[in-house]
Amino acid sequence: MKKVFLFAAFLFVGFGAMQAQGEFRAGISGGIPIGDTADFATFAIAVDLGYLFEISDEFDAGVATGYSHSFGEEVTILGVTIEAEDDQFIPIAASGRFEVAPNFTLGADVGYAIGINDGNDGGFYYSPRAQYSVSEAIDIVAAYRGVSVDGGSWDVISLGAEFGLD
């Protein structure tokens, strides 16, 4: 765990030194748990932060982090009602964005999601996404967020907005 934090700090310090070449991005989204996750959670929210560098006119790459929170639900098993706990993750990921058409971008974040709540060890994080640019600084983002955890995955489909912070 300590290595993950040190690696993340190294990435942000290193990329921060090259600030003139990149762009900070921040986003917020709401989501619906799917698959097995839907049995234990009702709704999810996420805040994303990223720093992207322009590699070419069509391709940006960088780092991403944030916070996601899935709200637990009451589950009844064999007549016994159990209150499922909320789950929280902090992803640390590499990001890539490819502009496939004017105002339309496909991308993905891939890395590790640190589990914050008790009993949540985290896991491999992946988030493919499609973005539509409303303006130069605002995108509407549809994403699939997945975290591979022991015995399965934590999956959410989300919709939100992302803002460029120059």
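Residues numbered from 1 in each chain as written. Predicted model: local features only at pLDDT ≥ 70, side-chain atom pairs only at ≥ 80, totals over all residues. Heavy atoms only, no water.

Caption draft 1: The pattern of salt bridges, seen in detail. Scanning all chains against the criterion turns up seven salt bridges. Taking the shortest distance from any N to any O, the salt bridge between Arg25 and Asp139 comes out at 3.1 Å. With a gap of 114 residues between them, Arg25 in strand β1 (residues 22-34) and Asp139 in strand β9 (residues 138-149) connect regions that are remote in the sequence. Here Glu162 and Arg25 are joined by a salt bridge, their closest N and O atoms 3.1 Å apart. Placement of the pair is Glu162 in strand β10 (residues 152-165) and Arg25 in strand β1, with a sequence separation of 137 residues. For the pair shown, Glu162 and Arg25 are each scored as buried. Shared partners join several salt bridges into a network, and the residues in it are Glu23, Arg25, Arg97, Asp109, Arg129, Asp139 and Glu162. (Salt bridge = Lys/Arg side-chain N within 4 Å of Asp/Glu carboxyl O. Helix = DSSP H or I, 4+ residues; strand = E, 2+ residues; numbered from the N terminus. Buried < 20%, exposed > 50% of the residue type's maximum accessible area, 1.4 Å probe, protein only.)

Caption draft 2: Seen up close, the pairing of strand β2 (residues 41-54). Where β1 meets β2, ten bridges bridge the pair, whose relative direction is antiparallel. Bridge pairing in β2 places Gly27 opposite Asp48. In this antiparallel pair of consecutive strands, β1 and β2, the connection spans six residues, and Gly35 shows a positive phi of 65°. Where β2 meets strand β3 (residues 59-72), 13 bridges bridge the pair, whose relative direction is antiparallel. (Pairing = 2+ DSSP bridges.)

Caption draft 3: Examining the nonpolar core more closely. Residues Ala41, Phe89, Ala93, Ala113, Tyr125, Val147 and Trp154 constitute the largest nonpolar core, which totals seven residues. Beyond its immediate chain neighbours, meaning those up to four positions away, Val147 contacts Phe89, Ala113, Gly122, Gly123, Phe124, Tyr125, Tyr126, Gly152, Ser153 and Trp154. (Core = buried A, V, L, I, M, F, W, Y, C linked by side-chain atoms within 4.5 Å. Contact = heavy atoms within 4.5 Å.)

Caption draft 4: View of the packing of aromatic side chains. Per the counting criterion, the structure on display carries four aromatic pairs. When the ring of Phe24 is compared with that of Tyr51, the centres are 4.5 Å apart and the planes differ by 65°; the resulting orientation is edge-to-face. Taken together, the positions of Phe24 in strand β1 and Tyr51 in strand β2 put the pair 27 residues apart, joining distant regions of the chain. In this structure an aromatic cluster arises from ring pairing among Phe24, Tyr51 and Phe53. (Phe/Tyr/Trp six-rings, centres within 6.5 Å; stacked < 30°, edge-to-face > 60°.)

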